[in-house]
Amino acid sequence: SELQGVGQDVTQNVEIEKEVKKASEKLNSFIESITDAFFIVNNNWKFIRVNTAFEKITGKVRNEILGSVIWDIFPGIIATEFENAYRKAMDEEISVQFTEYFKPLNKWLNTTVYPASEGLTVFMRDITYEMHAQEEILWTKNNLEALINNTEDLTWSINRDGKYVYMNSAYRKRISATTSIVPEEGDNAYLYSGSSDDINSEWRSYYQRAFDGERYVIMHDT
C-alpha cells in the first residue's frame, strides 16, 4: 500500500508538472502574440523576459537584452519619465501609466508598469502614428480657424437644437453691431436671426433643408 501511495503521488506530480508546463506554454504564446512590447525586470533591474515586439521596437535581440541591467543597455531612459515611472512603481509598489516621447527611438510610447514580487512587468504600445495624426489634425484645425477668421464672410454653424456650435469673428461682429449682444457658442441662434416670427420661420426652413441633406444657395437683396 505504501508503494501504491508513492505511485499515486508520482502520478499526481507528473500531472501537475504537465499542467504547469501547459500553462507556461500558453503564457509564452500570449506574450509573443501581443503587439504591445513587453518586458520584465527583476528587483536588480535586470531583464528576465522580453517579447518579439520589444525586440522590434528597440532594435535589439533578446540574447543581448536578457540578463542586462536596464539602465546599462538603455541609458537613454535615465532622467526621463521612463526612469521616474519605473522607480516609482518599484519603490511604492503601485501601477503607473504614462505617455512619453522617447527621443532615442523617435517614438511616442504609451507605457503601463505593474509591480510584482520579482520586479516590474511593463507593457509598451507604440502610438507614434496616432500622435502624429493628432498633431496634423490640430495643425489643420488651427490653419482652418485662421483662414475662416481672416475673411469678412459670415460663417457659423448650429446643431439640430438651434444652438450655435461655431461662428467666426466676422459673424460675431455683425451680430454684435446689430443687436449689441456678442453671441456665444451654445446660444439660441434664432434669437439673432431677425426681429419677426416670419424671419425666424424662414431661417428654420433654411436650416431644416440643410439638416435634411440638401445643399443650396440663397440669394438675398440688401
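The coordinates are above.
Rules used throughout
Residues numbered from 1 in each chain as written. Predicted model: local features only at pLDDT ≥ 70, side-chain atom pairs only at ≥ 80, totals over all residues. Heavy atoms only, no water. Helix = DSSP H or I, 4+ residues; strand = E, 2+ residues; numbered from the N terminus. Contact = heavy atoms within 4.5 Å. Areas by Shrake-Rupley, 256 points an atom, 1.4 Å probe, with all protein chains shown as cover. Buried < 20%, exposed > 50% of the residue type's maximum accessible area, 1.4 Å probe, protein only. Polar contact = N/O pair within 3.5 Å; in protein donor to acceptor, adjacent residues only side chain to side chain. Arc of directions from axis to C-beta. Phe/Tyr/Trp six-rings, centres within 6.5 Å; stacked < 30°, edge-to-face > 60°. Core = buried A, V, L, I, M, F, W, Y, C linked by side-chain atoms within 4.5 Å. Pairing = 2+ DSSP bridges. Axes fitted to C-alpha atoms, helices over the stretch in contact; angles between N-to-C directions.

Draft legend 1. Here's a closer look at the overall build of the protein chain. Across its full length, the protein chain holds eight helices and seven strands. When contacts within the protein chain are restricted to residue pairs at least 6 apart in sequence, those whose partners lie at least 24 apart make up 29%. Surface exposure of the protein chain reaches about 15100 Å², of which carbon and sulfur atoms provide 51%.

Draft legend 2. Inspection of unusual backbone geometry at higher detail. With a phi angle near 65°, W45 is a residue other than glycine that sits in the positive phi range. With respect to the helices and strands, W45 occurs in the loop between β1 (37–42) and β2 (47–50). The backbone of N106 shows a phi angle near 55°, a positive value even though the residue is not glycine. Relative to the elements of secondary structure, N106 occurs in the loop between β3 (96–102) and β4 (107–116).

Draft legend 3. Region of interest: the side chain of T128. Within the secondary structure layout, T128 lies in helix α6 (residues 128–149). What makes T128 buried here is its relative accessible area of 12%. Within polar-contact distance, the side chain of T128 engages the side chain of D126 at 2.6 Å. Not counting the four nearest positions on each side in its chain, T128 is found in contact with N106, K107 and W108.

Draft legend 4. Spotlight on helix α7 (residues 169–179). Here α7 has its buried residues at A170, Y171 and I175. Burial along α7 is one-sided: seen end-on, the buried residues are contained in an arc of 125°. Set apart from the buried face of α7 by more than 90 degrees, the exposed residues are K173 and A177. Where α7 is buried, its residues contact β6 (156–158) and β7 (164–167). Immediately downstream of α7, the backbone of S180 shows phi near 65°, a positive value.

Draft legend 5. Looking closely at the packing of aromatic side chains. The tally for this structure, following the rule as stated, stands at 17 aromatic pairs. Here F39 and F54 contribute two aromatic rings whose centre-to-centre distance is 5.0 Å and whose plane-to-plane angle is 50°, an arrangement assigned as tilted. Of this pair, F39 sits in strand β1 while F54 is found in helix α2 (residues 52–58), placing the two residues 15 residues apart along the sequence. For the pair F39 and F54, one class covers both residues: buried. Taking 6.0 Å as the distance between ring centres and 85° as the angle between the ring planes, the aromatic pair formed by F39 and Y86 counts as edge-to-face.

Draft legend 6. Quick look at the nonpolar core. Counting 29 residues, the largest nonpolar core has F39, F47, F54, I70 and Y86 as the members making the most contacts within it. Broken down by secondary-structure element, the contributors of at least two residues to this core are β1, β2, α2, α4 (70–73), α5 (81–92), β3, β4 and β5 (119–126). Ranked by residues supplied to this core, first place goes to α5 with five residues. In this structure Y86 touches F39, W45, I70, W71, I77, T111, V113, L120, V122 and M124, once residues within four positions along its chain are discounted. Judged by nonpolar contacts, the second largest core, of eight residues, contains Y164, M167, Y171 and Y190.

Draft legend 7. Expanded view of the sheet that holds β2. In space, the five strands of this open sheet follow the order β2-β1-β5-β4-β3, with antiparallel pairing throughout. Strands at the two margins of the open sheet, each flanked by one partner only, are β2 and β3. For this sheet the average axis-to-axis angle between neighbouring strands, irrespective of direction, equals 25°. Pairing of β1 with β2 involves three bridges; the strand directions are antiparallel. Pairing of V41 across the sheet is with F47, part of β2. In this fold α5 packs onto β1, β3, β4 and β5, with an angle of close to 160° to the strand it touches most, β3.

Draft legend 8. Main features of the pairing of β3. Direction of pairing for β3 relative to β4: antiparallel, over a ladder of seven bridges. Following the sheet pairing, Q97 is matched in β4 by T112. The turn joining β3 and β4, which pair antiparallel and follow one another in sequence, is formed by four residues; a positive phi near 55° is taken by N106.

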